[in-house]
Amino acid sequence: MRALAISCIALAIGMPANAQQAQAVRRIVPDTFWNTLDHRHPVAARIKPGEVVSTRLLDAGARDWQNVQRAQPSNPMVGPIYIEGAEPGDAIAITFRKVRPSRGTAWSYYRLGYFSLTGAAIAGLYPNVYKADFVRPGRSDLLIWDVDTVRGTVKLREPVSAKHRLEFPMEPMLGVVGVAPAGDFAPTSAPSREYGGNMGFNEIREGTTLLLPVFHPGALLFLADGHALMADGEPTGAGLETSMDVELSVDVHKNARLDWPRLITRDYIISIGSQAEFISTVDRAIQLATSDMVRWLTEDYGMEPWAAHMLISTKGEYEVVTVMGSAALKIAKRWLPAAP
């Protein structure tokens with residue numbers, strides 16, 4: 001497992017520009033989008049470890065880069081992608097080389113979710129109605145944001161605030177990344193668990209490497225739900241939802257014995273307590289993330305259990321991933337010990 005940590009950290013830092021240019025990029029063009037992570041779905045593509053592939057994701061409402069409805073909401077997924085050599089008990093390491101919006105608009109909900117507010121705040125909420133059919137037919141609770149991929153910004157088109165411009169730097173990320181779970185369980189693209197799924201974690205973005213356990217031959221990777229920007233916790237129940245161009249490569253780590261998703265960014269290693277929303281409390285997600293981080297530090301970095309506890313207790317950083325479900329624990333790489 002130490003080798004897995006070292007290699008994935010190298011991937012997350014990124015390849016030299018000339019090495020990236022030398023690698024051919026294979027295009028995956030799906031003709032079907034799925035709403036369940038089912039190992040029985042026909043394989044969309046087979047890829048080799050290290051092969052660079054690209055694809056286009058629909059937005060959460062199933063609209064494409066031309067804002068045309070292409071499938072059934074919610075979160076229609078590209079996949080399953082079969083990774084050669086991946087077997088149950090292994091882990092796959094997905095390195096996101098590009099995660100970028102493919103159209104000039106995104107949509108969001110009009111107000112925060114009930115799950116983000118106290119009862120007193122809910123009692124005083126403004127009506128969840130802006131304009132009928134403004135974004136999609138039959139919906140009056142959605143807003144449009146303009147996505148400027150040249151300037152790298154997002155801006156709320158309307159309503160216009162008298163106090164705040166509501167324009168921000170774009171931070172594209174993926175809400176749904178998962179593999180087919182164990183057995184014949186075929187969850188929808190709404191929840192998350194140990195297989196990944198709808199984790200809604202805004203750290204899953206360009207330049208990061210996501211580690212997922214493997215439960216079926218080929219791992220069977222699914223992708224969906226691009227956001228141009230989203231706050232920690234997904235407090236409305238959505239981000240700024242848009243279609244997304246994605247380029248990635250996947251490596252296989254044999255006998256990795258991974259139990260939960262892990263993420264490696266430029267500056268951090270991150271354990272994700274990934275669980276379905278509204279079923280278990282966030283404190284359980286914190287326990288899952290913390291327990292996994294202890295294992296990561298002891299098994300891959302050679303730390304004594306007590307020393308791992310002390311490192312977490314002094315330099316650990318917790319993040320709310322989703323308000324009513326998942327949490328993550330981060331340790332900055334600069335605090336990690338050298339290889340044993």
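Residues numbered from 1 in each chain as written. Predicted model: local features only at pLDDT ≥ 70, side-chain atom pairs only at ≥ 80, totals over all residues. Heavy atoms only, no water.

Caption draft 1: Structural context of the packing of helix H4 (residues 282-301) against helix H5 (residues 305-315). Closest axis-to-axis distance for the H4/H5 pair is 9 Å, and the angle between their directions is 125°. What the angle tells us is that H4 and H5 run oblique. By crossing handedness, the relation of H4 to H5 is classed as right-handed. Mapping the contact onto sequence places Thr290, Met293, Val294, Leu297 and Thr298 in H4 and Pro305, Ala308, His309, Leu311 and Ile312 in H5. Class assignment of the residues belonging to the contact of H4 with H5 gives a composition of seven nonpolar, three polar and no charged. (Axes fitted to C-alpha atoms, helices over the stretch in contact; angles between N-to-C directions. Helix = DSSP H or I, 4+ residues; strand = E, 2+ residues; numbered from the N terminus. Parallel < 35°, antiparallel > 145°, perpendicular 65-115°, else oblique. Left-handed = near helix turned anticlockwise from the far one by under 90°. Contact = heavy atoms within 4.5 Å. Nonpolar A, V, L, I, M, F, W, Y, C, P; charged D, E, K, R; others polar.)

Caption draft 2: Broad picture of the sheet that holds strand S8 (residues 153-156). Spatially, four strands are ordered S6-S7-S8-S9 in an open sheet, and the strand pairing comes out antiparallel. If you trace the sheet from one side to the other, it starts and ends with strand S6 (105-109) and strand S9 (167-169), each paired once. When the angles between neighbouring strand axes are averaged without regard to direction, this sheet yields 30°. (Pairing = 2+ DSSP bridges.)

Caption draft 3: Expanded view of H5. Taken together, the buried positions of H5 are Ala307, Ala308, Leu311 and Ile312. In an axial view of H5, the angular spread of the buried residues amounts to 140°, which keeps them on one side of the axis. Of the residues in H5, the exposed ones pointing more than 90 degrees away from the buried face are Pro305, Trp306, Ser313 and Thr314. Here the buried face of H5 lies against H4, strand S18 (317-320) and strand S19 (327-332). (Buried < 20%, exposed > 50% of the residue type's maximum accessible area, 1.4 Å probe, protein only. Arc of directions from axis to C-beta.)

Caption draft 4: Quick look at the layout of surface pockets. Of the volumes computed, that of the largest pocket is approximately 440 Å³. Lining the largest pocket are 19 residues, with Ser108, Tyr109, Trp145, Thr236 and Leu240 positioned closest to its centre. Split into classes, the residues belonging to the lining of the largest pocket amount to 15 nonpolar, three polar and one charged. Size it by volume and the second largest pocket reaches roughly 330 Å³. Around the second largest pocket sit 19 residues that line it, and Ser74, Asn75, Tyr109, Asn198 and Gly237 are the ones nearest its centre. Of the residues that constitute the lining of the second largest pocket, the class distribution is eight nonpolar, five polar and six charged. (1 Å grid on protein atoms, 1.4 Å probe; cavity = no way out; pocket = protein on both sides within 12 Å on 5 of 7 lines; lining within 4 Å. Points joined across faces, edges and corners; volume = space filled by probe spheres on them.)

Caption draft 5: Representation of the confidence of the model for the protein chain. For the protein chain, per-residue confidence averages 92 on the pLDDT scale, and 93% of positions sit at 70 or higher. Counted against residues more than four places away or in other chains, residues 9-20, with its pLDDT under 50, gives 16 contacts. (pLDDT = per-residue confidence, 0-100.)

Caption draft 6: Highlighting H4. In this model, H4 (20 residues) spans 27 Å end to end at C-alpha, consistent with the 28 Å of a helix rising 1.5 Å per residue. Gly302 sits one or two positions beyond H4 and adopts a positive phi of about 70°. (Expected span 1.5 Å × (residues − 1).)

Caption draft 7: Spatial organisation of the packing of aromatic side chains. Enumeration according to the criterion identifies seven aromatic pairs in this entry. Seen in terms of ring centroids, Trp145 and Phe168 are 6.4 Å apart; in terms of plane orientation they differ by 35°. Their pairing is tilted. Here Phe168 lies in strand S9 and Trp145 lies in strand S7 (residues 142-148), a separation of 23 residues in the sequence. By relative accessible area, which is 10% here, Trp145 ends up buried. (Phe/Tyr/Trp six-rings, centres within 6.5 Å; stacked < 30°, edge-to-face > 60°.)

Caption draft 8: Examining the sheet that holds strand S17 (residues 268-273) more closely. The strand order across the open sheet built from nine strands is S1-S3-S15-S5-S13-S16-S17-S19-S18, with neighbouring strands paired in mixed fashion. In this open sheet, the two edge strands, each paired with only one partner strand, are strand S1 (25-27) and S18. Direction aside, the axes of adjacent strands within the sheet are offset by 30° on average. Pairing analysis gives three bridges linking strand S13 (residues 209-213) to strand S16 (residues 262-264), with the strands arranged antiparallel.

Caption draft 9: A look at the environment of Gln72. Among the secondary structure elements, Gln72 is positioned in the loop between strand S3 (52-57) and strand S4 (78-83). Since its relative accessible area comes to 56%, Gln72 is described here as exposed. Once the C-alpha coordinates of Gln72 and Ala60 are considered, the two residues, 12 residues apart in sequence, prove to be 9.3 Å apart. Setting aside anything within four residues of it in sequence, one finds Gln72 in contact with Asn35 and Ala62.

Caption draft 10: Summary view of the pattern of salt bridges. Throughout the structure, instances matching the rule amount to 25 salt bridges. For Arg157, the salt bridge is made with Asp146, and the minimal N-O distance between the two is 2.5 Å. Remark: Asp146 occurs in strand S7 and Arg157 occurs in the loop between S8 and S9; sequence separation between them is 11 residues. The partner of Glu319 in a salt bridge is Lys330, and the shortest N-O contact between them spans 2.8 Å. (Salt bridge = Lys/Arg side-chain N within 4 Å of Asp/Glu carboxyl O.)

Caption draft 11: Region of interest: the side chain of Thr242. For Thr242, the location among the structural elements is in the loop between strand S14 (221-227) and strand S15 (244-253). For Thr242, a relative accessible area of 0% puts it in the buried group. Within polar-contact distance, the side chain of Thr242 engages the backbone oxygen of Thr105 at 2.8 Å. (Polar contact = N/O pair within 3.5 Å; in protein donor to acceptor, adjacent residues only side chain to side chain.)

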